[in-house]
Amino acid sequence: MIKSELIQRLAAANPHLFQRDIEMIVNTVLDEIVDTLANDNRVELRGFGTFSVKKRPARVGRNPRTGARVSVSEKSVPFFKMGKEMRERLNGGQDDED
Amino acid sequence: MPGRTITRADLCEAVYRKVGLSRAESAELVEMLIDEIIETLERGENVKLSGFGSFMLRDKGQRIGRNPKTGVEVPIAPRRVMVFKPSPVMKARMNGADDAGEE
């Protein structure tokens, strides 16, 4: 499923709303998650999972073509951890601990 | 340093402020949005949201694990897991958005 299909499905389930509004809702939710992570905060969605931020420290890398040293600055990367309930749902309801 | 944790309530509030629906309806739509993503994955379909990222399903085979405390070997059953792959746009926005073309 891609974003436009998600919007179509939500629009079909909510015929009283304009598709334009559904688009705005989807984008608002996704933007809010990204903004939260960009500010080093977490997003916890019970039943689904948690988005958090992992820091990659600054390091000295190399240009693989030339071998020249380049400094790579500190980076933040988003990380998603699936929730327990989601893991169960993906595995037919049974909970096998990992 | 891990600051605030945002939950459904905050997402609903953002939708309420931005879209002009009632609070109740905003909450309902946020719930439907999350449910739709969950149900799609549950059916075995990946979810790709442009500008955000993709939720990809992976099937893991059976392997032998070990209880780290007792050292006893236990079989780990085949299972399905989900990984999130952030889009380049999301990675850029998390790093000041001035390196959008990277990677």
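Scroll up a little and you will see the structure.
The structure contained in this document is the topic of the report that follows. Note on numbering: residues in each chain are counted from 1, in written sequence order. To read the labels, note that chains go from A and ligands from 1, taken in the order they are written. Since the coordinates come from a predicted model, pLDDT governs what is reported: local features require at least 70, and pairs of side-chain atoms require 80 or more to be given and counted, while whole-chain, interface and lining totals use all residues. No hydrogens and no water enter the side-chain calculation; it runs on all heavy atoms of the structure.

### A look at the sheet that holds strand E5 (residues 75–82) of chain A
Read from one edge of the open sheet, four strands run E5(A)-E2(A)-E1(A)-E1(B), paired in mixed fashion. The sheet is open, and its two edges are formed by E5 of chain A together with strand E1 (5–6) of chain B, each paired on a single side. Pairing between two strands requires that DSSP report at least two bridges joining them. Every helix listed is a DSSP run of H or I at least four residues long, and every strand listed is a run of E at least two residues long, numbered separately from the N terminus. Of the strand pairs in this sheet, strand E1 (residues 42–45) of chain A and E1(B) are connected by two bridges, and their pairing is parallel. Bridging across to E1(B), Val43(A) finds its partner in Ile6(B).

### A short note on the environment of Val74(B)
Residues and elements named next belong to chain B. Structurally, Val 74 is set in strand E5 (residues 73–76). Under the scheme applied here, a residue whose accessible area is under 20% of the maximum for its type counts as buried, over 50% as exposed, and between as partly exposed, the area being computed with a 1.4 Å probe on protein chains only. Overall, Val 74 belongs to the partly exposed group, its relative accessible area being 38%. For the pair formed by Val 74 and Ile 64, sequence separation is 10 residues and the distance between their alpha carbons is 5.9 Å. Here a residue-residue contact requires only that any non-hydrogen atoms of the pair lie within 4.5 Å. Those residues within four positions of Val 74 in sequence are excluded, and the remaining contacts are Arg 63, Ile 64, Gly 65, Arg 66 and Asn 67.

### Quick word on the packing of aromatic side chains
The relation between two aromatic rings is expressed through the spacing of the ring centres and the mutual angle of the planes. Planes of paired rings set the category: under 30 degrees apart is stacked, over 60 is edge-to-face and the rest tilted, where pairs are Phe, Tyr or Trp rings (Trp by its six-membered ring) whose centres lie within 6.5 Å. Under the criterion given, the structure shown has 10 aromatic pairs over all chains. Relative to Phe80(A), the ring of Phe48(A) has its centre 5.2 Å away and its plane inclined at 50 degrees; by these criteria the two rings are tilted. Taken together, the residues Phe48(A) in the loop between E1 and strand E2 (49–56) and Phe80(A) in strand E5 connect sequence positions 32 residues apart. The exposure class assigned to Phe80(A) is buried, which follows from its relative accessible area of 8%. Seen from their ring centres, Phe51(A) and Phe80(A) are 4.8 Å apart, and the 50 degrees between their planes marks the pair as tilted. Taken as a pair, Phe51(A) in strand E2 and Phe80(A) in strand E5 lie far apart in primary sequence, 29 residues in all. For the pair formed by Phe51(A) and Phe80(A), the shared burial category is buried. Grouped by ring-pair contacts, the aromatic residues Phe48(A), Phe51(A), Phe80(A), Phe52(B), Phe55(B) and Phe84(B) constitute a single cluster. Over the ring of Phe79(A) we find Lys54(A); its NZ or CZ atom is 4.0 Å from the centre of that ring. Two thresholds decide whether a charge sits over a ring: the Lys NZ or Arg CZ must be within 6 Å of the ring centre and within 35 degrees of the ring normal. Cation over ring: Arg23(B) sits above Tyr16(B), and NZ or CZ is 4.0 Å from the ring centre.

### Some words on the pattern of salt bridges
Take a side-chain nitrogen of Lys or Arg and a carboxyl oxygen of Asp or Glu: if they are within 4 Å of each other, that pair is a salt bridge. Under the counting rule described, the total for this entry stands at 15 salt bridges over all chains. The shortest N-O distance in the salt bridge between Arg93(B) and Asp31(A) comes to 3.4 Å. Of this pair, Arg93(B) sits in helix H3 (residues 88–94) while Asp31(A) sits in helix H2 (residues 19–38), on two different chains. Shared partners join several salt bridges into a network, and the residues in it are Arg9(A), Glu36(B), Arg43(B) and Glu45(B).

### Focus on the nonpolar core
Counting 45 residues, the largest nonpolar core has Phe48(A), Phe51(A), Ile37(B), Leu41(B), Phe52(B), Phe55(B) and Met82(B) as its most contacted members. The greatest single-element share of this core, amounting to eight residues, is contributed by H2(A). Residues in contact with Phe48(A), not counting those within four places in the same chain, are Phe80(A), Met82(A), Gly83(A), Met86(A), Ile34(B), Ile37(B), Ile38(B), Leu41(B), Phe55(B) and Met82(B). By convention a nonpolar core is built from buried Ala, Val, Leu, Ile, Met, Phe, Trp, Tyr and Cys residues, the set being connected through side-chain atoms within 4.5 Å.

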